[in-house]
Structure formats: C-alpha cells, structure tokens
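# Per-entry structural report
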Amino acid sequence: MDLKNKTAVVTGAASGIGRSLGIKLAEAGCRVALGDIDVEGLGETAEMITKKGGYASIHPVDMGNRDQVYAFADSVIKNHERIQILINNAGVVLTALIEEMEDADFEWVMNINFWGMVHSTRAFLPNLKSNRAAHIVNVSSVFGLCAIPTQAAYNSSKFAIRGFTESLNQELKGTGVSASVVFPGGILTNIAKNSRFKSKSDLIQDKSSIVNLHEKLSFTTADTAAERIIKAIIRKEKRALIGFDAYLFDIIQRLFPSAYQTILFSFLLFQKNLLMKRR
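First, a word on what this report is: a plain description of the structure on this page. (Residues numbered from 1 in each chain as written. Predicted model: local features only at pLDDT ≥ 70, side-chain atom pairs only at ≥ 80, totals over all residues. Heavy atoms only, no water.)

Another point: the nonpolar core. Judged by nonpolar contacts, the single largest core of 32 residues is most densely connected at Leu-21, Leu-25, Leu-34, Ile-85, Ile-87, Ile-229 and Ile-233. Secondary structure elements with two or more residues in this core: β1 (7-11), α1 (16-27), β2 (31-36), α2 (39-51), β4 (85-88), β6 (134-139), α7 (222-235) and β9 (239-242). The element contributing the most residues to this core is α7, with 7 residues. Leu-25 has contacts with Leu-3, Ala-8, Val-10, Cys-30, Val-32, Ile-87 and Ile-230, leaving out every residue within four places of it along the chain. By size, the runner-up hydrophobic cluster in this structure holds 30 residues, among which are Val-9, Val-76, Val-109 and Leu-125. (Core = buried A, V, L, I, M, F, W, Y, C linked by side-chain atoms within 4.5 Å. Buried < 20%, exposed > 50% of the residue type's maximum accessible area, 1.4 Å probe, protein only. Helix = DSSP H or I, 4+ residues; strand = E, 2+ residues; numbered from the N terminus. Contact = heavy atoms within 4.5 Å.)

Of all the 6 residues making up β6, 6 are buried; the element is thus mostly covered by neighbouring parts of the structure. Note that β4 and β6 share 4 bridges and pair parallel. Bridge pairing in β6 places Asn-88 opposite Asn-138. Strand direction decides the pairing type here: β6 and strand β7 (residues 177-184), joined by 6 bridges, are parallel. Paired with Val-139 across the bridge in β7 is Val-182. (Pairing = 2+ DSSP bridges.)

This part takes up empty space enclosed by the protein. Under the criterion given, the structure shown has 2 cavities of 30 Å³ or more. A volume near 50 Å³ is recorded for the second largest cavity. In terms of lining, the second largest cavity is formed by Thr-11, Met-63, Asn-88, Asn-89, Ala-90, Ile-112, Asn-113, Met-117, Val-139, Lys-158 and Ile-161. Looking at the lining of the second largest cavity, the elements with two or more residues in it are α4 (103-129) and α5 (152-171). If you tally residues by element for the lining of the second largest cavity, the top one is α4, at 3 residues. Across the lining of the second largest cavity, the residue classes tally to 6 nonpolar, 4 polar and 1 charged. (1 Å grid on protein atoms, 1.4 Å probe; cavity = no way out; pocket = protein on both sides within 12 Å on 5 of 7 lines; lining within 4 Å. Points joined across faces, edges and corners; volume = space filled by probe spheres on them. Nonpolar A, V, L, I, M, F, W, Y, C, P; charged D, E, K, R; others polar.)

When the terminal C-alpha atoms of α7 are compared, their 20 Å separation across 14 residues agrees well with the 20 Å that a helix rising 1.5 Å per residue should span. Residues of α7 that are buried include every one of Ala-222, Ala-225, Ala-226, Arg-228, Ile-229, Ile-230, Ala-232 and Ile-233, and no others. In this structure, the buried side of α7 is in contact with α1, β4, β6, β7 and β9. Looking one or two residues past α7, Lys-236 carries a phi angle of roughly 55°, positive in sign. (Expected span 1.5 Å × (residues − 1).)

Here's what the structure looks like:
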C-alpha cells in the first residue's frame with residue numbers, strides 16, 4: 001500500500017506510539033488526523049508535524065464516550081473527505097485485583113480500549129470502504145496473548161481487540177479494506193505513569209512499582225513501534241508482533257497454553273524481589 005497522499009487517522013496521538021505514528025506517517029506523505037483527550041499533547045504533536053512540512057488536523061475526543069467517537073469521525077471526514085488508514089491506538093491501564101476493582105474502573109478501561117476501538121471502526125468503515133484500498137490497525141498488546149495478575153481489565157480489553165479484528169478481517173474480504181491486529185511488547189511510553197492504581201496485592205506494592213517495572217521491561221521505543229506498524233500497513237499484514245518480548249510471549253503461550261500462567265507469575269515475583277532489594 002502506497003502511503004503518499006493518503007489520509008491517516010491516529011487515536012491516542014498526544015504522546016507515545018500515537019505521536020510517533022503521526023509524525024512518521026506525515027513524513028511518509030500522509031495527511032494526518034490526530035485524536036486524543038489530551039488537547040495540549042495533540043497540539044504538540046501537530047506542531048512537530050507542521051514543522052517538518054506535514055499536515056495535521058487536531059480532533060479532541062474521549063475515546064471512552066460513544067457520542068464523541070462518532071462526532072470525531074464526522075469531524076475528520078468533514079476535514080479530509082476520504083480516509084484510507086485508521087489506527088485505533090488509544091489505551092489505558094488499570095492495576096487492581098479482580099475482587100477489589102470498582103465496576104467504574106473496569107468500565108473505564110473497556111470503554112476506551114475496546115469500545116473506543118469498536119465505535120471508531122464502525123464510524124469510519126463506510127468511508128474506508130469507499131476507497132479502492134484502505135487499512136485498519138487495532139493495537140492490542142502482549143497482554144492480548146498472555147494474561148497476568150492485577151491486569152484483568154487490561155487483559156480483557158486487549159484479548160477482545162484481537163477477536164474483534166480477526167473477525168473483522170474475514171468480513172472485509174473483497175472490499176479493498178484490510179485490518180491488522182498489533183501486539184506490542186514493552187514500549188517506552190507514559191502509559192504506566194498515566195494508569196490507575198487500586199491494588200493491594202502483595203505482588204505489586206504501589207504505583208511506582210508498576211512504573212519502575214514498565215520502564216525496566218520496555219525494550220522498544222515508540223518510534224520503533226511506529227515504524228513496525230507502518231510496515232504492517234504497507235504489507236497489509238493481518239498480525240504484527242513488536243519487540244523481541246512480544247515474540248517471546250507468543251512462543252511461550254503457544255508452547256505452554258496453560259503452564260505459561262505459572263511461568264509468568266514466577267517471573268513477576270522475581271522482578272518484584274529485585275525491585276525491593278534495590279530500594
């Protein structure tokens with residue numbers, strides 16, 4: 001798929017992978033529509049793009065709000081008319097045991113990570129199908145391949161993204177539209193810092209432990225992740241893993257579909273003890 005003169009929509013574009021995607025897609029010749037709840041961050045991303053000679057439109061949106069997502073799509077289409085690339089990247093994290101999390105917190109994660117992706121896909125799909133060729137990217141996670149404790153809400157949303165996208169891809173056959181589900185490993189972004197923490201688990205002591213663990217295990221930069229996603233768009237890949245840790249998780253889950261739970265739990269205990277010793 002040739003990216004030049006295409007219009008690409010990126011959600012979660014105020015920072016992290018979304019920001020890198022916006023910049024790199026613009027460098028590849030795309031007009032870019034940026035969506036995020038963080039208006040200031042959106043402005044910074046757009047400024048980075050325009051300084052490099054690209055074009056970016058800003059569309060503030062709460063991806064957890066259905067009406068705002070559909071209004072976001074209307075705004076983007078009004079501004080750009082034809083959309084050829086949609087990247088549903090926005091995501092949030094909640095750290096809590098299942099028995100201690102509030103329904104509202106679980107809904108917050110699902111509304112943004114899963115329903116935001118669903119509503120965005122459905123809102124843009126008629127426009128995408130009006131093109132000869134178009135592509136959708138839905139960003140899952142290694143935690144859409146394997147589950148870990150204290151992340152039931154996040155795991156649920158990311159497993160659901162995988163199922164939705166694989167079904168979508170089959171339904172899109174013959175339309176000119178294709179879809180990728182992407183599984184990033186640890187990516188060095190602010191997602192852990194911006195997360196909600198409500199856990200009293202012995203495994204995770206406090207939010208700083210989550211942030212430290214995330215930073216320690218994030219082996220891939222946002223720019224590298226963005227480059228891999230763009231490659232998946234060009235090649236129309238159905239599935240893309242990002243980072244060697246993503247490949248490792250994939251292999252572990254395939255080889256040990258049940259036993260991986262014990263393996264990952266033991267690994268988390270080991271990392272927790274290391275962090276405690278360094279304090």
